[in-house]
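# Analysis of the macromolecular model
Read off the chains here:
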Amino acid sequence: MSDIQVSGAGGRRRRRAGGGGRGRGPGSRRWLAAVFLLPALVLLGALVGYPVVFSVVRSLFDASGDGFVGLYNYGAMFSDEGIRTALRNNVIWVVVAPTVSTVLGLVFAVLTERIRWGTAFKLVVFMPMAISMLAAGIIFRLVYDQAPERGVANAVWVGVHDTFADPAPFPGAKPRPRAGLKPSGGGAFTTGSAVRAGSAVLLPLVAVQPDDLRGARAAAAARPQPGKVTGTAWLDFTRGGGGRPKAIDGNERALAGLRIEAVRGGRVVASATTAADGSFALPAGRADGARLRLPAANFAEAYRGVDWLGPALVTPAIIGSYVWMWAGFAMVLIAAGLAAVPRELLEAARVDGAGEWQVFRRITVPLLAPVLVVVLVTLMINVLKIFDLVYIIAPGSSIRSANVLALQLFQSSFGTDVDEGLGSAIAVFLLLLVLPVMYVNLRRLRKERRR
């Protein structure tokens with residue numbers, strides 16, 4: 001049995017083990033912990049360790065897996081144009097996507113503290129996290145559709161554009177062949193010869209859309225007027241057949257609102273707009289001896305918006321969908337850190353005369369720095385593995401421009417030109433890119449534990 005001896009004036013106690021039992025040493029406790037951890041270690045080795053080692057070894061062999069090529073696959077990886085594009089896009093992703101998501105999350109977290117319905121707003125912003133990457137990719141493939149009647153982004157963009165820009169009166173229209181109007185660059189058409197005062201000019205057009213002729217009146221031939229250049233612009237087409245080409249028949253429709261310019265020496269010296277019956281008149285003092293031009297603005301195709309998924313914008317567009325999903329994640333973590341910030345510091349700064357921007361920049365952000373680093377590092381690791389959004393959103397014509405390393409890994413390993421050696425080299429390279437970020441994260445966690 002054990003007994004306790006008390007000695008010294010300070011009342012120090014000492015426990016002495018008797019013959020009734022044995023104490024467990026630190027060595028036995030470590031063995032017990034190892035026994036309980038063994039199943040997890042075996043599973044980790046089977047699911048993580050073995051694939052990593054196999055990928056490293058496989059990257060040293062050719063596509064068939066029989067010939068040893070050493071580091072050839074790693075050299076080929078940087079000489080391939082598609083992989084270099086993927087690497088450049090990965091740099092853009094790592095720099096832009098985590099930064100924008102973290103900044104938006106910080107702004108949302110700070111602002112929602114000051115509104116009554118902040119919880120509801122956080123719920124709405126965080127909701128995209130419940131959607132899978134596949135579903136989000138399908139959603140944004142529709143959002144970025146080129147047709148404004150289907151794509152939300154272009155519907156908004158076209159609506160804003162059409163609010164401030166007048167649409168062309170007859171998009172897609174063109175002169176009747178051999179009617180004396182020749183293309184003059186940029187979609188405009190100019191008469192082949194100069195016009196004279198006291199003469200009437202006929203400007204027959206075809207390929208006018210039926211919707212653009214709703215309410216149009218019958219065309220009327222302009223009469224020659226002394227001291228003026230007159231003329232008529234109309235749709236030279238008779239429904240049901242018949243009619244004479246380059247002549248105004250009774251049921252042919254006028255093209256009202258068409259801009260006519262008189263051009264001399266490359267300069268516009270006079271202009272007019274066709275009336276409801278298609279007629280126009282230009283002052284002879286300026287138009288006499290000039291050529292008549294129909295500007296391209298008369299025939300410009302209807303504005304169809306931005307080609308979001310074209311080669312130039314496909315990567316920023318996909319990054320936008322990623323931010324839509326992950327800004328809520330950043331907001332929730334930052335809001336949790338913000339709740340732990342001492343309110344006394346904020347109030348003391350305000351009492352001392354600091355403005356809200358100064359409080360935010362000098363107090364809130366420094367106190368939230370550890371949380372911001374956690375969010376930023378987590379998103380950087382996540383971005384290096386991005387695959388689903390790019391694979392789903394980017395169309396076939398832009399897939400090479402939107403390529404990233406994870407997608408290239410899939411294409412090299414399972415695509416049409418299968419090369420598992422090259423795919424394994426890309427996988428190892430991705431692992432090497434992730435390791436420094438993980439190391440920084442682990443160091444930060446150790447520092448937090450020591451505090």
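For clarity, every value in this text was computed on a predicted model and none was experimentally measured.

Definitions and cut-offs
Residues numbered from 1 in each chain as written. Predicted model: local features only at pLDDT ≥ 70, side-chain atom pairs only at ≥ 80, totals over all residues. Heavy atoms only, no water. Helix = DSSP H or I, 4+ residues; strand = E, 2+ residues; numbered from the N terminus. Rg over C-alpha atoms; globule rule 2.2 N^0.38 Å. Contact = heavy atoms within 4.5 Å. Areas by Shrake-Rupley, 256 points an atom, 1.4 Å probe, with all protein chains shown as cover. Lys, Arg positive; Asp, Glu negative; His and termini not counted. Charge placed at Lys NZ, Arg CZ, Asp CG, Glu CD. Pairing = 2+ DSSP bridges. Axes fitted to C-alpha atoms, helices over the stretch in contact; angles between N-to-C directions. Salt bridge = Lys/Arg side-chain N within 4 Å of Asp/Glu carboxyl O. Buried < 20%, exposed > 50% of the residue type's maximum accessible area, 1.4 Å probe, protein only. Phe/Tyr/Trp six-rings, centres within 6.5 Å; stacked < 30°, edge-to-face > 60°. Expected span 1.5 Å × (residues − 1). Arc of directions from axis to C-beta. Patch = residues over 30% accessible without salt bridge, like charges linked within 9 Å, V, L, I, M, F, W, Y side chains within 5 Å. Polar contact = N/O pair within 3.5 Å; in protein donor to acceptor, adjacent residues only side chain to side chain.

Here we come to the overall build of the chain. When helices and strands are counted, the chain shows 14 helices and 11 strands. Taking 2.2 N^0.38 as the reference for a compact globule, 451 residues should give roughly 22 Å; the C-alpha atoms of the chain span a radius of gyration of 37 Å, well beyond that estimate. Judged by the C-alpha coordinates and their principal axes, the chain covers about 135 × 75 × 40 Å. Counting only contacts in the chain whose residues sit at least 6 apart along the sequence, the fraction spanning at least 24 positions is 68%. Total accessible area on the chain is roughly 26500 Å²; 62% of this is exposed by carbon and sulfur atoms. Measuring between centres, the 50 positive side-chain charges of the chain sit 9 Å from its 29 negative side-chain charges.

Turning next to the sheet that holds strand 5 (residues 189–191). With respect to topology, five strands assemble into an open sheet ordered 4-5-11-8-9, the strand pairing being antiparallel. Single-partner strands in this sheet number two, and they are strand 4 (181–183) and strand 9 (267–273). For this sheet the average axis-to-axis angle between neighbouring strands, irrespective of direction, equals 30°. Sheet analysis places strand 8 (residues 259–264) next to strand 9, joined by six bridges and oriented antiparallel. Considered in strand 9, the bridge of valine 263 is made with valine 268.

Taken as a whole, this structure holds 15 salt bridges when the rule is applied. Between arginine 259 and glutamate 261 there is a salt bridge, with its nearest N and O atoms 3.0 Å apart. When its relative accessible area of 35% is taken as the criterion, arginine 259 is described as partly exposed. Note on glutamate 261: relative accessible area 9%, which makes it buried. Note that arginine 350 and glutamate 356 form a salt bridge whose closest N and O atoms lie 2.8 Å from each other. When salt bridges that share partners are traced, they join Arg114, Glu347, Arg350 and Glu356 into one network.

With respect to the helices and strands, the residue threonine 315 is situated in helix 8 (residues 314–339). On the basis of relative accessible area, threonine 315 is assigned to the buried category, the value being 9%. For threonine 315, the residues in contact, after removing those within four places along its chain, are Asn89, Ile92, Trp93, Ser401 and Ala402.

What follows concerns the packing of aromatic side chains. One pass over the full model with this rule turns up 18 aromatic pairs. An aromatic cluster of three or more residues is present, and its members are Phe140, Tyr144, Trp157, Trp308 and Trp324.

Within the chain, arginine 178 stands out as a residue other than glycine whose phi angle is a positive 60°. Even without being a glycine, lysine 246 presents a positive backbone phi close to 60°.

We now examine helix 6 (residues 152–164). With 13 residues, helix 6 should cover 18 Å at 1.5 Å per step; its first-to-last C-alpha distance of 19 Å lies within 8% of that length. Every buried residue of helix 6 is accounted for by Ala153, Asn154 and Val158. Buried residues of helix 6, viewed axially, fall in a sector of 115°; they line one side. Set apart from the buried face of helix 6 by more than 90 degrees, the exposed residues are Val152, Val156 and Thr163. Tucked into the core, helix 6 has its buried residues touching helix 5 (133–143).

Before going further, it helps to spend a moment on a nonpolar patch on the surface. Among the surface-exposed residues, Leu37, Leu41, Leu43, Leu44, Leu47, Val48, Val52, Val56, Leu431, Leu432, Leu435 and Met438 lie close enough to one another that they form a single nonpolar patch of about 1100 Å² accessible area. Broken down by secondary-structure element, the contributors of at least two residues to the nonpolar patch are helix 1 (26–58) and helix 14 (420–450). Considering each element in turn, the nonpolar patch owes the most residues, eight residues, to helix 1. Within the secondary structure, valine 52 is located in helix 1.

A few words on the side chain of threonine 102. Tracing the sequence through the fold places threonine 102 in helix 3 (residues 81–111). In terms of polar contacts, threonine 102 uses its side chain to reach the backbone carbonyl oxygen of proline 98, at 2.7 Å. The residues contacting threonine 102, other than those within four sequence positions of it, are Ala330, Ile334, Leu372, Val375, Leu376 and Leu379.

Here we come to the sheet that holds strand 3 (residues 174–175). Ordered in space as 3-6-7-10, the four strands form an open sheet in which the pairing is mixed. Because the sheet does not close on itself, it has two edges, and the strands there are strand 3 and strand 10 (279–283). Alignment of strand 3 against strand 6 (residues 200–206), held across two bridges, turns out to be antiparallel. Following the sheet pairing, proline 175 is matched in strand 6 by leucine 205.

Positive charge collects at one region of the surface, where Arg443, Arg446, Lys447, Arg449 and Arg450 lie side by side. Structurally, lysine 447 can be placed in helix 14.

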